[in-house]
Amino acid sequence: MRIVAALFAGVVFGLGITVSGMINPAKVLNFFDVAGTWDPSLALVMASALATTFIGYKIVLGRSAPVLANSFQLPTSLIIDGRLLAGAAIYGVGWGLTGYCPGGAIPALGLGRMEPWIFFAALVIGILLARFGRTRLDRAQTAAT
Amino acid sequence: MTEFTPIAALIGGTLIGLGAVLTMLLLGRIAGISGMLGGALFPASGDDWSWRAAFIAGMIAAPVLYTLVLGKAPQFEMPVSTLTSIIGGLLVGIGVTFGNGCASGHGVCGMARLSTRSIAATGVFMAAAVVTVYVTRHVIGG
């Protein structure tokens, strides 16, 4: 049942990416190109996604538990450190180079074209490298304290 | 050039939000796509893997459904070279792992919870993307 629910939520989310145009890297890059061929569409996508999620979370998180799980699993960390900000900056550069974030690239795999798969392969390798690096960094930091 | 498409943007954004709300209502989880991909590739347990893989499969099926229903494929154009795409993909993968999230996890789910961490991360990656496009299109490319 959880698998069906996740599949359904994934379809709804992916349709949102597709309909909004965020599946199209050219459109995303034009949003960032405020000094050139600016396309403000992404601002409206973000605003409507945020508003829907804000209201929806208010209602849903008022429940004692989710429908198909024992409890809500929410991130609890409040720490804004160098790692978070450096990671966000590196991600932003990659997003600005390609017009793809993970949420835009994964639905694009279903377009039946080669380009999104090339980006996706590099994305997976990047995650792999970073996980390896993070483990080593954690060890070094633990050893230093 | 891409056209400003306000209606499609609002409908699409609302669907993205609904997908995130459904994920919380049904599964009690944040719909952060980079976290979902990381968790599906490197599962901590079998239970963690299956729902994430199903969500990702649903996302990939979405443009296929769109094309079947509307009778035309969604607009798509990759305006950068293969090399740029590979470098960008690596940077996005490294960045979202250290930054613990992307546009969906921080930008939508985290900001909707008014998380200061997510607001800070979103501000940084949006600014970095704008600067990157300015440099590649107007400084180097211009």
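For the structure itself, consult the block above.
A brief report on the enclosed structure follows. Note that the structure is a prediction, hence the values are computed from the model and not measured. (Residues numbered from 1 in each chain as written. Chains lettered and ligands numbered in written order. Predicted model: local features only at pLDDT ≥ 70, side-chain atom pairs only at ≥ 80, totals over all residues. Heavy atoms only, no water.)

As a further point, take the overall build of chain A. Helices and strands together make up the secondary structure of chain A, namely 6 helices and 0 strands. Secondary structure elements of chain A, listed N to C terminal, follow the sequence α-α-α-α-α-α. Since a compact globule built from 145 residues should have a radius of gyration of about 15 Å, the 18 Å found for chain A marks it as more spread out than a globular shape. A principal-axis box enclosing the C-alpha atoms of chain A has dimensions of 50 × 40 × 30 Å. Here chain A holds 145 residues, and the buried ones make up 51% of them. A fraction of 44% describes how many contacts in chain A between residues 6 or more apart in sequence connect residues 24 or more apart. Total accessible area computed for chain A in this model is approximately 6500 Å², and 70% of it derives from carbon and sulfur atoms. When the 10 positive and 5 negative side-chain charges of chain A are each reduced to one mean point, those points stand 14 Å apart. (Helix = DSSP H or I, 4+ residues; strand = E, 2+ residues; numbered from the N terminus. Rg over C-alpha atoms; globule rule 2.2 N^0.38 Å. Buried < 20%, exposed > 50% of the residue type's maximum accessible area, 1.4 Å probe, protein only. Contact = heavy atoms within 4.5 Å. Areas by Shrake-Rupley, 256 points an atom, 1.4 Å probe, with all protein chains shown as cover. Lys, Arg positive; Asp, Glu negative; His and termini not counted. Charge placed at Lys NZ, Arg CZ, Asp CG, Glu CD.)

Our focus in this paragraph is helix H3 (residues 41-60) of chain A. Here H3 of chain A spans 28 Å end to end across 20 residues, near enough to the 28 Å set by a 1.5 Å rise per residue. Turning to H3 of chain A, its buried residues are Ser 41, Leu 42, Val 45, Met 46, Ser 48, Ala 49, Leu 50, Thr 52, Thr 53, Gly 56, Tyr 57 and Val 60 of chain A. Contacts made by the buried residues of H3 of chain A are with helix H1 (2-20), helix H2 (25-32) and helix H4 (82-98) of chain A together with helix H1 (6-27), helix H5 (103-112) and helix H6 (116-140) of chain B. (Expected span 1.5 Å × (residues − 1).)

All told, the structure shown has 4 salt bridges over all chains when counted by the stated rule. Residues Arg 137 of chain B and Asp 33 of chain A are paired through a salt bridge, measuring 2.9 Å at the closest nitrogen-oxygen approach. Of the two residues, Arg 137 of chain B sits in helix H6 while Asp 33 of chain A sits in the loop between H2 and H3, which places them in two different chains. Ionic pairing is found between Glu 115 of chain A and Arg 113 of chain A, a salt bridge with its closest N-O pair at 3.0 Å. Its relative accessible area of 26% is what places Glu 115 of chain A among the partly exposed residues. You can call Arg 113 of chain A partly exposed: its relative accessible area is 37%. (Salt bridge = Lys/Arg side-chain N within 4 Å of Asp/Glu carboxyl O.)

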